Protein chains: 2
Amino acid sequence: MMTKMIDVANFAGVSTATVSRVLANDPKVKEKTKQKVLKAVDELNYIPNSLARNFRKRSSKNILVVVPTIANPLYPTIISGIQSVAREHNYQVILGDISRNFETELAYLELIRDKAADGVILLAAELPTEEFIEAIKGLPVVLGYRNTVKEENLHSTEDKRGENKRINIFPTVNINNVKSVECVIDHLVQLGHKKIAFFNGPKNSIVSIDRLKGYKQGLVKNGCSFEPELIYYGDWTMNAGYELALELLQSGNDPTAIFTVNDETAVGAIKALKENGLRIPEDIAIVGFDNIELAKFVDPPLTTIAQPKFEFGVHAMELLLKVMNGETISQENIVLESHLIIRESCGSKIKGD
Amino acid sequence: MMTKMIDVANFAGVSTATVSRVLANDPKVKEKTKQKVLKAVDELNYIPNSLARNFRKRSSKNILVVVPTIANPLYPTIISGIQSVAREHNYQVILGDISRNFETELAYLELIRDKAADGVILLAAELPTEEFIEAIKGLPVVLGYRNTVKEENLHSTEDKRGENKRINIFPTVNINNVKSVECVIDHLVQLGHKKIAFFNGPKNSIVSIDRLKGYKQGLVKNGCSFEPELIYYGDWTMNAGYELALELLQSGNDPTAIFTVNDETAVGAIKALKENGLRIPEDIAIVGFDNIELAKFVDPPLTTIAQPKFEFGVHAMELLLKVMNGETISQENIVLESHLIIRESCGSKIKGD
DNA sequence: CTGTTAGCGCTTTCAT
DNA sequence: ATGAAAGCGCTAACAG
């Protein structure tokens, strides 16, 4: 019933080997033979069985993308970027949404071990444990948002040679979180703010750690004092932003500005602030991170850092292609540039004007 | 290097058939043999090659989910639902994001023809063409958001027997769009609104068509006049909502309320309305559809229809499982209930109070 | 209850 | 430039 390669071969009067070559675009086949085969393929409506092909070639043509949660609009855009290059190379994207249960992340690696996926892009950005590093060692993997961290942070029990070893012995793509946040602080200080709260993500996320570093450095650089009680930890959600703002309001700390680790946290915070009678930006300024589509539509429109989401995906997939191709044995680390988008959530004029 | 079944068999002193049976949990194997095999599997660190298995079983264990755009937060939630049951049955979900280019939808069906996917859930909700129907006929497919449409709408050239044929000879899952919108209109009329604009989706979307029907019926039922110039067509995005609201403002039509086809359209409209000095709900009421997470966080919090997104995915996948299992030859149509969530975007009191 | 064996449909040496 | 043929690793008759 299902026509197979041998049928095509018979119809065209050639061998299956030749049909296979034509389909693989082998330049060694004579043009005339090629036409005969193509005609037969067309005539018989032949569609190669990818199950057989994949089995033979030991490749699933699937790549796995693990995200913390697809509910964060950052990831769909990145995935689009990944898809766009994946499709060009005939890969399908399998989605691994771990709903922020990072323990389940490693379970997805099974897909590689059993050949159900040829490579993985891990976008989940928790602090890598030794177990994690051990697990991905040697696998065709690209890490997103996990940048270099010194070994001492890993609490390793054995530091054989005392050298300053770094964990990203894996290919990674990232944005310059530290610098981006410094830009935010620069901007805020320029507007007259000196007391800036930070609604961060979870403590154990590398992104949180890096953005905190940027926050600190930005403050110091601008001669502001760094006050740990101005740092709040959430979980990236609107809800967290809302709760954290409430907490801030209770605290008696009276920052004139808040920097939030992502736009969703900002949206939640804005709601709480407004509900408590604060005007934005007049009473308090706020700036987000990511520049999701919504940022433009909230009231007031959100000043934020735009990171190149689609490109992030493109780069990640291109890197993975290299890795799967064996091209990149050692690490390769891509760092993408972000930039500040100034809207209305911190006022366009110098504070106090 | 990679240990394979024969190695396990040798190690355990049995045949590959037995190993295969143990792995398939065949109850016919003696407990003792089973233990021996399991021990060998463990000892040798054996992981079955799913490529070989899939080839042999003629199944990819992939299911494809085609969405209009993953950027609409509705779909991630549905996909989560799909995943949750897919995973239980050892299926992986392949994501097909067509970025609203509905012409590309059919291209994804290739994945079934070449066995790269065992089944498809099509969530893209354009008006089905005859070509579309022809293309999916006989395939293991479940349609989401495409409900019954009479044949005359299809502009078929031949209506052999004049019978009232319906197109959903395919299994579908849907929500009751018509009734849901009627509820919205009821609510609005109860609040005193008589002139209600409708920011719809694209004309050729079934969802748009159904919601328009609900809008009309709701108006008629409540003794309001249906005015076609109060209907605006967009493309589901915040941007569309924004533009449409601007258009409405220019038009001189002065509705006291707007119903938008989805929450994102509502968010865009709210921005435009506010920018033009209108207060919501005092000057104009607005209600959305979907109840995405954001709905609660916009200012004012959005009254909207909550549809069971996760369950939608669960039902779709369960249906697909049946279809792939050959259980459902004829159609099966699941209709899920939605309900109105009252927040603040149309005021809690009777208009004029 | 277990083993033998014949493929699944394709790709890829190895010959020619 | 093409063909013959040997599998890839597993499952499923079938036989015992």
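No experiment lies behind these values; they were computed from the predicted model shown.

Draft legend 1. Layout of the pairing of strand 3 (residues 119-122) of chain A. Residues and elements named next belong to chain A. The side-chain alternation of strand 3 yields two buried faces, one formed by Gly119 and Ile121 and the other by Val120 and Leu122. Pairing of strand 1 (residues 62-67) with strand 3, which is carried by four bridges, proceeds in the parallel orientation. Within strand 3, the residue paired with Val66 across the bridge is Leu122.

Draft legend 2. Representation of the interface of chain A and chain B in the model. Every contact between the two is made by 44 residues of chain A and, on the other side, 45 residues of chain B. Counting the surface lost from both chain A and chain B, the interface buries some 3,700 Å², and carbon and sulfur atoms represent 63% of this. If you sort the residues of chain A by the area they bury against chain B, Leu51, Phe55 and Phe297 of chain A come out on top, with a joint share of 18%. For the interface between chain A and chain B, the tally reads two salt bridges. Of the charged contacts in the structure, one is a salt bridge between Lys274 of chain B and Asp299 of chain A, with a shortest N-O distance of 2.7 Å. Across the contact surface, chain A and chain B share twelve residue pairs in polar contact (both at pLDDT 80 or more). Within the residue set of the side of chain A that touches chain B, elements represented by two or more residues are helix 4 (50-57), helix 5 (74-88), strand 2 (92-97), helix 6 (110-113), helix 10 (238-251) and helix 11 (263-275) of chain A. Of the residues assigned to the side of chain A that touches chain B, the class counts are 21 nonpolar, eleven polar and twelve charged.

Draft legend 3. Highlighting the relation of the copies chain A and chain B. Of the transformation superimposing chain A on chain B, the axial component is 0.0 Å and the angular component is 180°, with the fit at an RMSD of 0.1 Å. Taken together, the rotation and translation describe the operation of a two-fold axis. Across chain A, the rotation axis passes nearest the C-alpha of Ile94 of chain A, at a separation of 2.3 Å. Most of the interface of chain A is mirrored in chain B, where 100% of its interface residues are also at the interface.

Draft legend 4. Geometry of the protein's contact with DNA strand D. Close to DNA strand D lie 28 residues, the nearest being Arg21 and Thr33 of chain A together with Lys4, Tyr46 and Arg56 of chain B. Taking all atoms of DNA strand D within 4 Å of the protein, the share assigned to sugar and phosphate is 65%. Take Arg58 of chain A: an N or O atom from its side chain is 2.9 Å from a sugar or linking oxygen of DNA strand D. Of all elements in the fold, only helix 2 (16-23) and helix 4 of chain A together with helix 2 (16-23) and helix 4 (50-57) of chain B reach the threshold of two or more residues within the surface near DNA strand D. Of the residues forming the surface near DNA strand D, the biggest block, five residues, is contributed by helix 4 of chain B. Taken together, the residues that form the surface near DNA strand D break down as ten nonpolar, eight polar and ten charged.

Draft legend 5. Up close: helix 8 (residues 177-190) of chain B. Residues and elements named next belong to chain B. Here helix 8 spans 20 Å end to end across 14 residues, near enough to the 20 Å set by a 1.5 Å rise per residue. Within helix 8, ten of the 14 residues are buried, leaving the element largely enclosed by the surrounding structure. Here helix 8 has its buried residues at Asn177, Val178, Ser180, Val181, Glu182, Val184, Ile185, His187, Leu188 and Val189. Phi for Gly192, located one or two positions after helix 8, is positive at around 105°.

Draft legend 6. Representation of helix 10 of chain A. Residues and elements named next belong to chain A. Spanning 14 residues, helix 10 covers 20 Å between terminal C-alpha atoms, matching the ideal 20 Å at 1.5 Å per step. Listing the buried residues of helix 10 in full gives Met238, Ala240, Gly241, Tyr242, Leu244, Ala245 and Leu248. Those residues of helix 10 hidden inside the fold are in contact with strand 6 (196-200), strand 7 (231-233), strand 8 (257-260) and helix 11. Once helix 10 finishes, Gly252 follows within two positions and takes phi at roughly 85°, a positive value.

Draft legend 7. Summary view of the side chain of Ser205 of chain A. Residues and elements named next belong to chain A. Take Ser205: it is sitting in the loop between strand 6 and helix 9 (206-221). Its relative accessible area of 1% is what places Ser205 among the buried residues. For Ser205, the residues in contact, after removing those within four places along its chain, are Ala125, Glu126 and Trp236.

What counts, and where the lines are drawn
- Residues numbered from 1 in each chain as written.
- Chains lettered and ligands numbered in written order.
- Predicted model: local features only at pLDDT ≥ 70, side-chain atom pairs only at ≥ 80, totals over all residues.
- Heavy atoms only, no water.
- Buried < 20%, exposed > 50% of the residue type's maximum accessible area, 1.4 Å probe, protein only.
- Helix = DSSP H or I, 4+ residues; strand = E, 2+ residues; numbered from the N terminus.
- Pairing = 2+ DSSP bridges.
- Contact = heavy atoms within 4.5 Å.
- Buried area = accessible area lost by both parts, 1.4 Å probe.
- Salt bridge = Lys/Arg side-chain N within 4 Å of Asp/Glu carboxyl O.
- Polar contact = N/O pair within 3.5 Å; in protein donor to acceptor, adjacent residues only side chain to side chain.
- Nonpolar A, V, L, I, M, F, W, Y, C, P; charged D, E, K, R; others polar.
- Least-squares fit on C-alpha atoms with pLDDT ≥ 70 in both.
- Near = heavy atom within 4 Å.
- Expected span 1.5 Å × (residues − 1).

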